[in-house]
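Residue-level listing of the chains:
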Amino acid sequence: MTTFTEKYFTMTEAEAVDYTKTRLSIFPADAELTCEEIGDGNLNYVFRIRDQKGGQSIIIKQAGPVARISDEFKVSPDRNRIESDILRLQGKLAEGFVPKVYHYDPIMNCCVMEDLSDFDILRTAFLKKRTFPKFADHISTFLVNTLLATSDLVLNHKEKKELVKSFINPELCEITEDLVYTEPFYPCPRNEVFDGTRAFVEEEIWNDKALALETAKLKFDFMTNAQSLLHGDLHTGSIFVTETETKVIDPEFAFYGPAGYDIGNVIANLLFAYVNGRHTLIDEAEREQFCGYILETIEQTIDLFKEKFISAYKREVTEQVASYEGFLDYYLQRIIEDTAAVCGLELCRRVIGLAKVKDVTEIKEPGSRAEAEIFCLKVGKTLILNRQQYSNGQDFIKTIVES
Ligand code: SR1
Ligand code: MG
C-alpha cells in the first residue's frame with residue numbers, strides 16, 4: 001500500500017479512505033470509514049469520508065492534473081495550495097463564512113476540510129425555488145471583509161505585494177481570460193450555442209464591434225488591476241446555504257484582480273436564478289414571489305455592499321491619500337462599474353461559452369430557453385456597454401425589468 005508521501009496520483013474512493021487512515025488523525029482508531037466521491041464541479045475530486053459508527057465526517061478535495069469538464073484544460077494541481085491558503089485567510093477576514101481547513105498536503109495536492117453536509121448548494125436550492133432572506137446581508141459582509149482588507153487601502157503595500165506573489169494563479173486566470181473575456185465574443189469553435197439563440201448571438205454579439213472593444217478593455221483590466229484578493233469564481237455553485245448561514249467554498253481561482261469581479265459574478269448568478277423562475281414557474285403568484293425575492297436580493301446585495309464598504313473604509317483604511325475628499329466616492333464607483341461589466345460578461349459567457357449553468361439548461365421547452373438566453377444576452381450587453389451608468393442596486397433592477 002502506498003504511504004501517500006512519495007508521488008502524487010489522483011485517488012479512488014478506496015484510496016481516499018486509506019489516505020484518511022494513514023495520513024490524518026481526525027477519526028478514532030476504531031472508526032468505520034466509508035467514502036463517496038461527490039464532486040460535481042468542472043475541475044476537482046471531492047471525497048466525503050464518514051465514520052459510520054460515530055457519524056463524524058470530513059471532506060477531502062483533491063486537484064487533478066486536468067479539468068474534469070475537458071482534458072483540454074491542463075491545470076496545475078498547485079491550485080489546491082492556493083485554495084487552502086485563501087480559505088484560511090478568508091476564515092480570519094470573514095469568520096464563519098468559509099469552511100474550516102484541517103490539513104493541506106502538497107504531495108497529494110489535496111486539502112481536508114469541514115464537511116458542510118447540512119448545507120445546500122445555493123444554485124440547487126434556487127432551482128427548487130427556495131429563498132434565503134439573509135443571503136444579501138451575509139454575502140455583502142463576506143465581499144466587503146475579503147475585498148477591502150486585502151487591498152492597498154488597508155494593507156501595508158509591501159505586505160500586499162507579497163500576497164500578490166503568493167496568489168499568482170496563471171493557469172486558472174487563463175481559463176477565465178479565455179472562457180469569460182474572449183471566446184464568447186467571437187465564433188470560437190469551443191463555444192456551445194443553443195440553436196434557438198444562435199441568430200441573436202451572430203447578429204447582436206459577434207457582429208458588434210463596439211461590444212468587442214469594451215470586452216477587450218475589460219480583459220486587460222482583469223489581467224492588470226491587482227486591486228483585491230478575489231475568490232475568482234463566486235457563482236451560486238460556490239456558495240453553501242442554510243436558513244441561517246452562508247458559506248463560500250471553492251476559491252481555487254483566487255488571485256489579485258478587480259474587486260468588482262466577485263460582486264459581478266454573484267449578481268449574474270442571482271439573475272440566472274431569476275430567469276429560471278420566470279421560465280419554469282407556471283403559477284403566477286409563486287413566480288412573482290420567487291422572482292421578486294431574487295430582484296430584492298440583487299438590489300440589497302449591491303446597496304448593502306456599498307453601505308458596509310463605506311463604514312469599513314472609514315474605520316480601517318490606512319493609506320494616506322485615500323482620505324482625500326472625493327477618493328472614496330471615486331473608488332467605490334469604479335467597483336460598481338466593474339460589477340456591472342463583470343455581471344454582463346458572466347451573463348453572456350454562460351449562455352454562449354463552454355461552461356453552462358443548470359438554471360438555463362434546465363429550462364426544457366426550447367422556445368422558453370431561447371427567450372431566457374436572449375434576455376441574459378440583452379441585459380449582459382447593456383451592462384457591459386453602459387457600465388458607467390450603474391451606481392446602485394436600483395440601477396441594475398431598472399435594466400433587468402426593462403429588458
Ligand atoms: C474549465 S473550468 C470551467 C469553468 O468552471 C469553473 O467553475 C469556472 O467558472 C470556469 O470558468
Ligand atoms: Mg468551482
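To be clear, the structure that these remarks concern was listed above.
The structure reproduced in this document is the subject of the present report. Note that this is a predicted model, so its numbers are computed, not measured. (Residues numbered from 1 in each chain as written. Chains lettered and ligands numbered in written order. Predicted model: local features only at pLDDT ≥ 70, side-chain atom pairs only at ≥ 80, totals over all residues. Heavy atoms only, no water.)

1. A word on the pattern of salt bridges
Working step 1: Scanning the entire structure with this criterion turns up 30 salt bridges.
Working step 2: E37 is the salt-bridge partner of R68, the closest N and O atoms lying 3.0 Å from each other. Taken as a pair, R68 in the loop between β3 (57-63) and α2 (79-93) and E37 in strand β1 (residues 33-37) lie far apart in primary sequence, 31 residues in all.
Working step 3: Overall, the relative accessible area of 21% leaves E37 in the partly exposed class.
Working step 4: Between E72 and R190 there is a salt bridge, with its nearest N and O atoms 2.6 Å apart. Residue E72 is located in the loop between β3 and α2, and its partner R190 is located in the loop between α6 (170-179) and α7 (195-205); the two are separated by 118 residues in the primary sequence.
Working step 5: Through salt bridges that share partners, D233, E346, R349 and R350 make up one connected network. (Salt bridge = Lys/Arg side-chain N within 4 Å of Asp/Glu carboxyl O. Helix = DSSP H or I, 4+ residues; strand = E, 2+ residues; numbered from the N terminus. Buried < 20%, exposed > 50% of the residue type's maximum accessible area, 1.4 Å probe, protein only.)

2. Digging into the sheet that holds β1
Working step 1: The antiparallel open sheet is built from 5 strands, whose spatial order is β1-β2-β3-β5-β4. Two strands bound the open sheet, and with one partner strand each, they are β1 and β4 (101-105). Strand-to-strand twist across the sheet, computed as the mean angle between neighbouring axes with direction ignored, equals 20°.
Working step 2: Pairing of strand β2 (residues 44-51) with β3, which is carried by 7 bridges, proceeds in the antiparallel orientation. Along β3, the bridge assignment pairs V46 with K61.
Working step 3: Lying over the sheet, helix α1 (residues 13-23) contacts β1, β2, β3, β4 and β5 (110-114), oriented at roughly 135° with respect to β1.
Working step 4: Packed onto the sheet, α2 meets β2, β3, β4 and β5 and runs at close to 155° relative to β4. (Pairing = 2+ DSSP bridges. Axes fitted to C-alpha atoms, helices over the stretch in contact; angles between N-to-C directions. Contact = heavy atoms within 4.5 Å.)

3. Overview of the site of ligand 1
Working step 1: In the region of ligand 1, the neighbouring residues are N42, I69, F73, I175, L179, D233, H235, F253, R349, R350 and A355.
Working step 2: Here N42 contributes a side-chain N or O atom positioned 2.6 Å from an oxygen atom of ligand 1.
Working step 3: In the model, an oxygen atom of ligand 1 is placed 2.9 Å from a nitrogen or oxygen of the R349 side chain.
Working step 4: A total of 320 Å² of accessible area belongs to ligand 1 in isolation, and the protein chains cover 95% of it.
Working step 5: For the shell around ligand 1, the class distribution of residues is 6 nonpolar, 2 polar and 3 charged. (Near = heavy atom within 4 Å. Polar contact = N/O pair within 3.5 Å; in protein donor to acceptor, adjacent residues only side chain to side chain. Areas by Shrake-Rupley, 256 points an atom, 1.4 Å probe, with all protein chains shown as cover. Nonpolar A, V, L, I, M, F, W, Y, C, P; charged D, E, K, R; others polar.)

4. What about the sheet that holds strand β9 (residues 246-248)?
Working step 1: Taken in spatial order, the 3 strands of this open sheet run β6-β8-β9, and their pairing is antiparallel. Looking at strand neighbours, the two that pair on one side only are β6 (120-121) and β9, the edges of this open sheet.
Working step 2: When β6 meets strand β8 (residues 239-241), the two strands line up antiparallel, connected through 2 bridges. By the bridge assignment for β8, I121 is matched with F240.
Working step 3: Its contacts with the sheet place helix α4 (residues 135-149) against β8 and β9, and it is angled at close to 35° to β9.

5. Description of the packing of aromatic side chains
Working step 1: Enumeration according to the criterion identifies 17 aromatic pairs in this entry.
Working step 2: Between the aromatic rings of F309 and Y313, the centroid separation amounts to 6.1 Å while the plane-to-plane angle is 40°, which identifies the pairing as tilted. Of the two residues, F309 and Y313 both sit in helix α10 (residues 284-316), 4 residues apart, roughly one turn of that helix. Like F309, the residue Y313 is buried in the burial classification.
Working step 3: These aromatic residues form a ring-pair network of at least three members: F305, F309, Y313, F327, Y330 and Y331.
Working step 4: The ring of F194 carries the charged tip of R369 above its face, separated from the ring centre by 4.1 Å. (Phe/Tyr/Trp six-rings, centres within 6.5 Å; stacked < 30°, edge-to-face > 60°. Lys NZ or Arg CZ within 6 Å of the ring centre and 35° of its normal.)

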